[in-house]
Amino acid sequence: MKFSELGLPSNILEKLKDMGYDEMTPIQEVTYPIITAGQDLCAIAETGSGKTAACVIPLIQKVDPTLNAIQGLVIVPTRELCMQYVGEIHKIAANTAVTPFAVYGGFDREIEIAKLKHEVHILVATPGRLIDFLYGGKLSLSNVKCAILDEADELLKVGFLEDIEFILSCILHEHQTLLFSATMPDDIKKLAHDCLHDPQHVSLITKRSAPESIEHYFFYTHPKNKEAELIKYLGDETIDQVIIFCNARHKVDTLFRFIRQNFKEVEYIHAGLSQSKRTSIFMKFRNRKVRYLIASDVAGRGLDFSHVSHVINWDFPEGRDRYTHRTGRAGRMGKKGKALTFVTKRDIPNLRELICRQNIRPCWIGIDPLLDNKTDRDGETRKRKRPFRPYSRKAKKKTE
Ligand code: ADP
Ligand code: MG
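Predicted, not measured: the structure shown is a model, and the values here were computed from it.

Student: Any details on the nonpolar core? Residues and values, ideally.
Tutor: Judged by nonpolar contacts, the single largest core of 82 residues is most densely connected at Leu234, Ile259 and Ile294. Counting the residues that make up this core, at least three belong to each of domain 1 (3-203) and domain 2 (214-394). In this view, Leu234 contacts Ile239, Val242, Ile244, Ile259, Phe263, Tyr292 and Ile312; residues no more than four positions away in its chain are not counted. Counting residues in hydrophobic clusters, the runner-up holds 36 residues, among them Ile75, Val103, Leu149 and Leu161.

Student: Give me the lowdown on the sheet that holds strand 9 (residues 241-245), citing residues and values where you can.
Tutor: Reading across from one edge, 10-11-9-12-13-8-14 is the order of the 7 strands in this open sheet, with parallel pairing throughout. The sheet is open, and its two borders are formed by strand 10 (266-269) and strand 14 (362-364), each paired with just one other strand. On average, each strand axis in the sheet is inclined to that of its neighbour by 25 degrees, with strand direction left out of account. Judged from the 5 bridges that link them, strand 9 and strand 12 (residues 308-313) form a sheet pairing that is parallel. Across the sheet, residue Ile244 finds its bridge partner in strand 12, namely Ile312. Its contacts with the sheet place helix 10 (residues 226-236) against strand 8 (214-220), strand 9, strand 11 (292-295), strand 12 and strand 13 (337-343), and it is angled at close to 165 degrees to strand 13.

Student: Got a sec to walk through the site of ligand 1? Specific residues and values, please.
Tutor: Neighbouring ligand 1 are 15 residues, the closest being Tyr21, Gly48, Thr52, Asp304 and Arg332. At 2.7 Å from an oxygen atom of ligand 1 is found a main-chain nitrogen or oxygen belonging to Gly48. In this structure, an oxygen atom belonging to ligand 1 sits 3.1 Å away from a main-chain N or O atom of Gly50. For ligand 1, whose free accessible area comes to 570 Å², the fraction covered by protein is 85%. Classifying every residue of the shell around ligand 1 by side-chain character gives 3 nonpolar, 7 polar and 5 charged.

Student: So what's going on with the domain arrangement of the protein chain? Which residues, and what values?
Tutor: The figure often quoted for interface size is the accessible area lost as the parts come together. Domain boundaries in the protein chain define domain 1 (3-203) and domain 2 (214-394). Averaged C-alpha coordinates put domain 1 and domain 2 at centres separated by 31 Å. Every contact between the two is made by 23 residues of domain 1 and, on the other side, 19 residues of domain 2. Between domain 1 and domain 2, the buried area comes to about 1,700 Å², and carbon and sulfur atoms account for 55% of it. Arg301 is the salt-bridge partner of Glu151, the closest N and O atoms lying 2.8 Å from each other. Where domain 1 packs against domain 2, one counts 11 residue pairs in polar contact (both at pLDDT 80 or more). Within the residue set of the side of domain 1 that touches domain 2, elements represented by two or more residues are helix 4 (79-92) and helix 7 (152-155). Element by element, the count of residues in the side of domain 1 that touches domain 2 is highest for helix 4, at 5 residues. Looking at the side of domain 1 that touches domain 2 residue by residue, the class counts come to 6 nonpolar, 11 polar and 6 charged.

Here is what the cut-offs are and how they apply
Per-chain numbering applies: the sequence of each chain, read as written, is numbered from 1 onward. In the order they appear in the text, chains get letters beginning with A and ligands get numbers beginning with 1. Selection of residues for local features in this predicted model requires a pLDDT of at least 70, selection of side-chain atom pairs for listing and counting requires 80 or more, and totals for whole chains, interfaces and linings are taken over all residues. Hydrogen atoms and water are omitted, and side-chain values are computed over all heavy atoms in the structure. As used in this record, nonpolar core signifies buried Ala, Val, Leu, Ile, Met, Phe, Trp, Tyr and Cys residues forming a set joined through side-chain atoms within 4.5 Å. Throughout this description, buried means an accessible area under 20% of the type-specific maximum (1.4 Å probe, protein chains only), exposed means over 50%, and partly exposed covers the range between. For the domains described, the bounds stem from an automatic or database domain assignment. We call two residues contacting when some pair of their heavy atoms lies within 4.5 Å. Should DSSP find at least two bridges between two strands, the strands are taken to pair. Secondary structure counts use DSSP, requiring at least four H or I residues in a row for a helix and at least two E residues in a row for a strand, with both numbered from the N terminus. Note on geometry: axes are C-alpha line fits, over the in-contact stretch for helices, and angles between N-to-C directions span 0 to 180 degrees. A cutoff of 4 Å decides nearness: a residue is near a molecule or strand if any of its heavy atoms lies inside that distance of it. Here a polar contact is taken to be a pair of N or O atoms separated by no more than 3.5 Å, where protein atoms must pair a possible hydrogen donor with a possible acceptor and residues adjacent in sequence count only if both atoms sit in side chains. Shrake-Rupley sampling with a 1.4 Å probe provides the accessible areas, and residues are treated as covered by the protein chains on show and by no other component. Residues are grouped as follows: Ala, Val, Leu, Ile, Met, Phe, Trp, Tyr, Cys and Pro are nonpolar; Asp, Glu, Lys and Arg are charged; every other residue, Gly included, is polar. When two parts are brought into contact, each loses some accessible area as probed by a 1.4 Å sphere; the total of that loss over both is the buried area. What counts as a salt bridge is simple: a side-chain nitrogen of Lys or Arg found within 4 Å of a carboxyl oxygen of Asp or Glu.

In structure tokens form, the structure reads like this:
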């Protein structure tokens, strides 16, 4: 279905046309009538399928720009996602009188407070900064008609959950609540239900939350060979942009220093950087000034970089749905993408679970450790010329 068939006001429709949005994506088509009807909603659709615009288009229509009050609230888990989300609202609402604004940790509070005093209709926020402002009486949510939790399953996890409950409790009047994500584990689904009133459920995911356009490569290797194999892989592949994910900040730092010796246009991002540095790297990567981005999971959810051709899991992703979200940074909107995951011996139990749960077709570069009984315990075959010698404790410590 085309956006032109929705009867949208011309100031929104023209903007969508400028942005190249002509056909609605499936999630946009299914959720539009539910959101406009004012119903609560829990919507699940694969990464890169247009969930942002699915919320933003009806949200803009709900706002009365003559009322100077926050009427739409969007909560997201990370600062970069906050910037990206508000950017999408700015674009779609550009020809309307609706004013969106973002508040997030690490940005100048005084500037944010000044803007909030002036005029904001749709507020996009990370939970921490929003709570800070709510406690300080810097903003009111009493006119909110529609609250959106993007990456809802992340926001309903321990750590964020109490904050979200508090924020939602500050919306005193009757309102609509919308939850969106590519993943929704069963235990979180129950919590999600508690936030919703008589909700509609939409899931466009039957067995998998990854788009078909992503090819899933895996590489079983010994930890000590990973650096050389990575350099070879990056050299062999035609890479537009790549994000290489590590499980810890110090690993991001170390890998960044190593890759920088071999390639140009390399940057890194994790939560240990100042916000101005994070923003600058995010913008540079978005504008394709950086080709290789080494990242922690701070860049693992929601971010839309349309030129990412490859995602590499330097470390096997920890936690249930991280693989889906990390690899979902590639292959967006039907574009082709490749994911490569390094697997070492200790990752095998998690690998089995991942392949089973995600219903992906793994392509093995070299040995498939789940099939090949010649695979030794270090990820090297016994066919190698050198006899297998278990690596010493000292070497193990150094390489893992
Ligand atoms: P998701 O939140 O589902 O991961 P996004 O909302 O980030 O996906 O959208 C992915 C990309 O698709 C973005 O670059 C966005 O601009 C683009 N997009 C969204 N809707 C449409 C559409 N109807 N037609 C074309 N491109 C779209
Ligand atoms: Mg999204």
